[in-house]
Amino acid sequence: MHQTVESLSTWLHRIERWTVLTGAGVSADSGIPTYRDRTGRWLRVDPIQHKEFVESEAKRKRYWARSMVGWVGVDGARPNATHYALAEMERAGKIDLLITQNVDRLHQKAGAQRVVDLHGRLDQVICLNCGQQESRQSFQTRLLQANPFVTDYQHIARPDGDADVPDTYVEKTTIPQCKHCGDVVMPDVVFFGGTVPMSRVETCTASLADAGGLLVVGSSLQVYSGFRFCRMAEKLRIPIVIVNEGETRADAMATLKVEQSAMNRLVAAVDQIIPSQESKSA
Ligand code: APR
């Protein structure tokens, strides 16, 4: 057990600058459950597809009815020791770029600066027609004003801000429109079947080309948009270190895989290479 921490800290120390890729496992200790289990099995209801959201008013009603309640759990979540440890690594100059597949913004709340939200951010909405952005806080206020029947919040956090609600909620839901042009608003996230903007991918690729290694934390890597960075790292012949409880799609490609008590070990290893972590008490 000790040896694993040793080898993780050895690797974290040895590589001068990392590109880091994180997933839902990082936020599990903040009370936001993951999408998949240890074997990579999907744990949730069928996720909404981009095309469905764009084309179907009924699907949008379902999405916002659930999200109106589910957002509260994500909004209230706070960073945990892993988010703080990674922010500390960045401050110590060990991270070139942190790519996160999470839409919860907890890395930024922990103080990380160089972050790419690969799959977007839940704290913002965007108009499908004019591209006008609005904070989710402001949109949530408009949602609740338009739907005063929503009084029974269950603050159960889900990774994508989803929640189970009665069918009657869905039927009654009124969706506010874009404040600017009156068109359809969507959360500023990449749904299944949607596309990660090319400029975002390019920022990540450029970092990886310069980095000494790829550190993956808390992701099953089941989704190609994250897995592709392992492919790239393999082509670049740079080490891939994976810290994740459970199987990942890149296990066979990893130079080091830390599975047992993964997050505790990462925090311990960061402690070893960067002794003064004042931010942890913040
Ligand atoms: N510590 C470490 N790892 C954990 C913990 C924990 N406390 N709890 C769960 N895990 C592991 C799970 O076993 C799983 O292997 O974290 C991993 C999370 O994987 P996923 O749920 O698949 O999350 P992620 O890889 O981020 O998903 C990628 O899929 O649905 C889409 O767009 C969504 O961004 C998401 C993408």
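Within each chain, residue numbers correspond to sequence positions counted from 1 in written order. Given that this is a predicted model, residues contribute local features only at a pLDDT of at least 70 and side-chain atom pairs are listed and counted only at 80 or more, while totals for whole chains, interfaces and linings are drawn from all residues. Calculation of side-chain values draws on the structure's entire complement of heavy atoms; hydrogens and water are dropped beforehand.

### Examining the overall build of the protein
Reasoning step 1: The way it works is that DSSP assigns letters per residue, a run of H or I at least four long becomes a helix, a run of E at least two long becomes a strand, and they are numbered from the N terminus. Along its length, the protein carries 10 helices and 9 strands.
Reasoning step 2: A compact globule built from 282 residues would reach a C-alpha radius of gyration of about 19 Å, and the protein, at 19 Å, matches this within 12%.
Reasoning step 3: Its C-alpha atoms put the protein at 55 × 35 × 35 Å along the principal axes.
Reasoning step 4: Relative accessibility thresholds used throughout: buried, under 20% of the residue-type maximum; exposed, over 50%; partly exposed, between the two (1.4 Å probe, protein chains only). In the protein, buried positions account for 52% of the 282 residues.
Reasoning step 5: Contacts: residue pairs with any heavy atoms within 4.5 Å of one another. Considering only intrachain contacts with a sequence separation of at least 6, the fraction spanning at least 24 residues in the protein is 72%.
Reasoning step 6: Here the Shrake-Rupley method, with its probe set to 1.4 Å, supplies the accessible areas, and only the displayed protein chains count as covering residues. Just so you have it, the protein exposes about 13100 Å², and 48% of that area is on carbon and sulfur atoms.
Reasoning step 7: Counting rule applied: Lys, Arg positive; Asp, Glu negative; His and chain ends not counted. Taken as the charge location is NZ of Lys, CZ of Arg, CG of Asp or CD of Glu. Taken as two groups, the 33 positive and 33 negative side-chain charges of the protein have centres that lie 2 Å from each other. Restricting the calculation to C-alpha atoms gives the radius of gyration, and the globule rule supplies 2.2 Å times the number of residues raised to the power 0.38.

### Quick look at the site of the ligand
Reasoning step 1: The rule for a residue being near a molecule or strand is that one of its heavy atoms must lie within 4 Å of it. Neighbouring the ligand are 23 residues, the closest being Tyr-35, Arg-36, Ser-219, Ser-220 and Glu-245.
Reasoning step 2: At 2.6 Å, a side-chain N or O of Ser-220 approaches an oxygen atom of the ligand.
Reasoning step 3: Asn-244 is positioned with one of its side-chain polar atoms (N or O) 2.9 Å from an oxygen atom of the ligand.
Reasoning step 4: Polar here means any residue outside two lists: the nonpolar Ala, Val, Leu, Ile, Met, Phe, Trp, Tyr, Cys and Pro, and the charged Asp, Glu, Lys and Arg; Gly therefore counts as polar. In terms of residue class, the shell around the ligand is built from 8 nonpolar, 9 polar and 6 charged. N or O atoms within 3.5 Å of each other form a polar contact, as long as, within protein, one can give a hydrogen and the other can take it, and as long as residues adjacent in sequence are counted only when both atoms are side-chain atoms.

### A closer look at helix 8 (residues 198-210)
A turn of α-helix holds 3.6 residues, and therefore any two residues three or four places apart point the same way.
Reasoning step 1: Relative to the 18 Å expected for 13 residues at 1.5 Å per residue, helix 8 spans 19 Å between its end C-alpha atoms, a close match to the ideal helical length.
Reasoning step 2: All of the buried residues along helix 8 are Val-201, Cys-204, Ser-207 and Leu-208. Down the axis of helix 8, the smallest arc covering the buried residues is 125°, so these residues share one side. Along helix 8, exposed side chains directed more than 90 degrees from the buried face belong to Met-198, Ala-209 and Asp-210.
Reasoning step 3: Looking at the buried residues of helix 8, the elements they touch are strand 1 (18-22), strand 2 (95-100), strand 3 (115-117), strand 7 (213-217) and helix 9 (224-236). The span you would expect from a helix comes to 1.5 Å times its residue count less one. The directions considered for the arc are those from the helix axis to the C-beta atoms.

### A closer look at the nonpolar core
Reasoning step 1: To define a nonpolar core, start from buried Ala, Val, Leu, Ile, Met, Phe, Trp, Tyr and Cys residues and group those joined through side-chain atoms within 4.5 Å. By size, the foremost hydrophobic cluster in this structure holds 29 residues, and its most contacted members are Leu-8, Leu-12, Met-89 and Leu-215.
Reasoning step 2: If you list the elements that add at least two residues to this core, you get helix 1 (2-14), strand 1, helix 4 (81-91), strand 2, strand 7, strand 8 (240-243), strand 9 (256-258) and helix 10 (262-273).
Reasoning step 3: A total of 7 residues in this core trace back to one element, the largest contributor, which is helix 10.
Reasoning step 4: Setting aside anything within four residues of it in sequence, one finds Met-89 in contact with Leu-12, Trp-18, Lys-94, Ile-95, Leu-215, Val-270 and Ile-274.

### Examining the sheet that holds strand 6 (residues 185-189)
Reasoning step 1: DSSP calls a pair of strands paired once it identifies at least 2 bridges connecting them. The 3 strands lie next to each other as 5-4-6, forming an open sheet whose pairing is antiparallel. The open sheet has two edge strands, strand 5 (133-135) and strand 6, and neither has a second partner. When strand polarity is set aside, the average angle formed by the axes of neighbouring strands in this sheet is 40°.
Reasoning step 2: Seen against the sheet, helix 6 (residues 136-146) touches strand 4 (120-127), strand 5 and strand 6 and runs at an angle of roughly 80° to strand 5. Angles here are taken between N-to-C directions and fall from 0 to 180 degrees, while the axes themselves are lines fitted to C-alpha atoms, restricted in helices to the stretch in contact.

### What about unusual backbone geometry?
Reasoning step 1: In this structure, Arg-237 is a non-glycine residue whose phi angle is positive, near 60°.
Reasoning step 2: For Arg-237, the position within the fold is in the loop between helix 9 and strand 8.
Reasoning step 3: Phi is positive for Ser-261, close to 45°, though the residue is something other than glycine.
Reasoning step 4: When you line up the elements, Ser-261 lands in the loop between strand 9 and helix 10.
Reasoning step 5: On the basis of relative accessible area, Ser-261 is assigned to the partly exposed category, the value being 36%.

### Observations regarding the sheet that holds strand 2
Reasoning step 1: A sheet is described by the order of its strands in space; here 6 strands give the open sequence 3-2-1-7-8-9, paired in parallel fashion. Here the strands that pair on one side only, and so sit at the sheet edges, are strand 3 and strand 9. Across the sheet, the mean angle from the axis of one strand to that of its neighbour is 15°, orientation sign disregarded.
Reasoning step 2: Sheet topology note: the strand 1/strand 7 ladder contains 5 bridges and is parallel. Within strand 7, the residue paired with Leu-21 across the bridge is Val-216.
Reasoning step 3: Against the sheet, helix 4 touches strand 1, strand 2 and strand 7, its axis set at about 150° to strand 2.
Reasoning step 4: Strand contacts of helix 10: strand 7, strand 8 and strand 9, with the helix running at about 120° to strand 8, the strand carrying the most contacts.

### Comments concerning the environment of Leu-43
Reasoning step 1: Secondary-structure assignment places Leu-43 in the loop between strand 1 and helix 2 (50-55).
Reasoning step 2: Between the C-alpha atoms of Leu-43 and Pro-33, which are 10 residues apart in sequence, the distance is 9.5 Å.
Reasoning step 3: Once residues lying within four places of it in the same chain are set aside, the contact partners of Leu-43 are Thr-34, Tyr-35, Arg-36 and Asp-37.

### A look at helix 3 (residues 57-76)
Reasoning step 1: For helix 3, with 20 residues, the first-to-last C-alpha span of 28 Å sits near the 28 Å given by 1.5 Å per residue.
Reasoning step 2: The largest bend in helix 3 comes to about 40°, at Met-68.
Reasoning step 3: Every buried residue belonging to helix 3 is among Arg-60, Tyr-63, Trp-64, Ala-65, Arg-66, Ser-67, Met-68, Val-69, Gly-70, Trp-71, Gly-73 and Val-74, and all of these are buried.
Reasoning step 4: The inward-facing, buried residues of helix 3 abut helix 2, strand 4, helix 6, helix 7 (167-172) and strand 6.
Reasoning step 5: One side-chain oxygen of the residue at the start of helix 3 lies 3.3 Å from the amide nitrogen of Ala-58, identifying that residue as Ser-56. In this analysis the local bend is the angle between axes fitted, respectively, to the seven residues ending at and the seven residues starting at the residue.

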